[in-house]
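Residues per chain, in single letters:
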Amino acid sequence: MSLTDLENLPAEGALLGVDPGAKRIGVAVCDPRRSIATALDTIHRTKLAADLTALFALYDSRQCAGLVIGLPVNMDGSEGPRAQSARAFARNILKHRDIAIAMHDERLSSAAADDAMAEAGVKPAQRRSLRDQTAAAIILQSAIDRLGAIRS
């Protein structure tokens with residue numbers, strides 16, 4: 001497999017959403033029918049091999065059909081160092097596992113995660129630990145919503 005567009009992901013099965021950061025990787029999952037994304041876990045980055053082992057354990061335990069990785073595009077649509085890092089992370093995944101991966105624009109997902117947690121009454125002290133996985137859920141939900149629109 002290789003990096004692909006959303007519409008070229010396998011047509012069925014759960015997807016894992018990933019928000020890769022420098023210190024943490026937020027992870028979310030959607031149901032096999034791809035109707036709702038749910039925050040799943042936060043992987044605290046150490047070494048690439050350990051990070052990927054943790055990610056693949058989540059992927060396998062949920063019997064996922066592919067990954068959606070957040071692409072931190074600048075507000076003007078250009079790609080900077082953070083986007084290059086996300087693409088490098090995707091390439092590293094592909095070196096270790098042959099799975100379908102799509103990149104998806106994640107502009108403002110962390111801000112949306114903070115807003116959603118505030119509205120849900122999550123205390124500020126708890127928000128930091130949940131921010132990355134909540135952002136991953138927002139990225140994944142946006143991707144599955146787009147997939148639904150494309151396929152209908």
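Each value, and the rule that gives it
Residues numbered from 1 in each chain as written. Predicted model: local features only at pLDDT ≥ 70, side-chain atom pairs only at ≥ 80, totals over all residues. Heavy atoms only, no water. Helix = DSSP H or I, 4+ residues; strand = E, 2+ residues; numbered from the N terminus. Buried < 20%, exposed > 50% of the residue type's maximum accessible area, 1.4 Å probe, protein only. Contact = heavy atoms within 4.5 Å. Areas by Shrake-Rupley, 256 points an atom, 1.4 Å probe, with all protein chains shown as cover. Lys, Arg positive; Asp, Glu negative; His and termini not counted. Charge placed at Lys NZ, Arg CZ, Asp CG, Glu CD. 1 Å grid on protein atoms, 1.4 Å probe; cavity = no way out; pocket = protein on both sides within 12 Å on 5 of 7 lines; lining within 4 Å. Points joined across faces, edges and corners; volume = space filled by probe spheres on them. Nonpolar A, V, L, I, M, F, W, Y, C, P; charged D, E, K, R; others polar. Salt bridge = Lys/Arg side-chain N within 4 Å of Asp/Glu carboxyl O. Expected span 1.5 Å × (residues − 1). Arc of directions from axis to C-beta.

Visitor: Would you mind showing me how to read the overall build of the protein here?
Guide: A tally of regular secondary structure across the protein gives 4 helices and 6 strands. When its helices and strands are written in sequence order, the protein yields β-β-β-β-α-β-α-β-α-α. For the C-alpha atoms alone, the extent of the protein along its principal axes is close to 40 × 40 × 35 Å. Taking all 152 residues of the protein together, the buried fraction comes to 43%. Here the contacts in the protein between residues at least 6 apart in sequence split such that 67% fall between residues at least 24 apart. Accessible area of the protein: about 8,000 Å², with a carbon and sulfur share of 51%. Charge centroids of the protein, computed over 19 positive and 18 negative side chains, lie 6 Å from each other.

Visitor: What is the right way to look at the layout of surface pockets in this model?
Guide: Space left empty within the atom packing is revealed by a probe, the size of a water molecule, rolled over the atoms. Taken as a whole, the largest pocket holds about 280 Å³ of empty space. Taken together, 16 residues make up the lining of the largest pocket; nearest its centre are D19, P20, G21, A22 and R82. Among the elements of the structure, β2 (14-20), α2 (81-96) and α4 (124-151) are those that each provide at least two residues to the lining of the largest pocket. Per-element accounting of the lining of the largest pocket gives the leading share, 4 residues, to α2. Residue composition of the lining of the largest pocket, grouped by class: 5 nonpolar, 3 polar and 8 charged.

Visitor: Sorry if this is basic, but what is going on with the pattern of salt bridges here?
Guide: Pairing between side chains of opposite charge can happen when the charged atoms of each approach one another. Evaluated as defined, the whole model comprises 5 salt bridges. The partner of R24 in a salt bridge is D132, with the nearest N and O atoms 2.5 Å apart. Here R24 is found in strand β3 (residues 24-30), whereas its partner D132 is found in helix α4, with 108 residues between them in sequence.

Visitor: Looking at this model, I keep getting lost on helix α1 (residues 48-61). Mind explaining?
Guide: One turn of the α-helix equals 3.6 residues, which is why residues spaced by three or four share an orientation. For α1, with 14 residues, the first-to-last C-alpha span of 20 Å sits near the 20 Å given by 1.5 Å per residue. Taken together, the buried positions of α1 are D51, L52, L55, F56, L58 and Y59. Seen from one end, α1 has its buried residues packed into an arc of 160°, which puts them on one side. The exposed residues of α1 that point more than 90 degrees off its buried face are A49, T53 and S61. Each element contacted by the buried residues of α1 is listed here: β2, β3, β4 (37-44), β5 (64-71) and α2.

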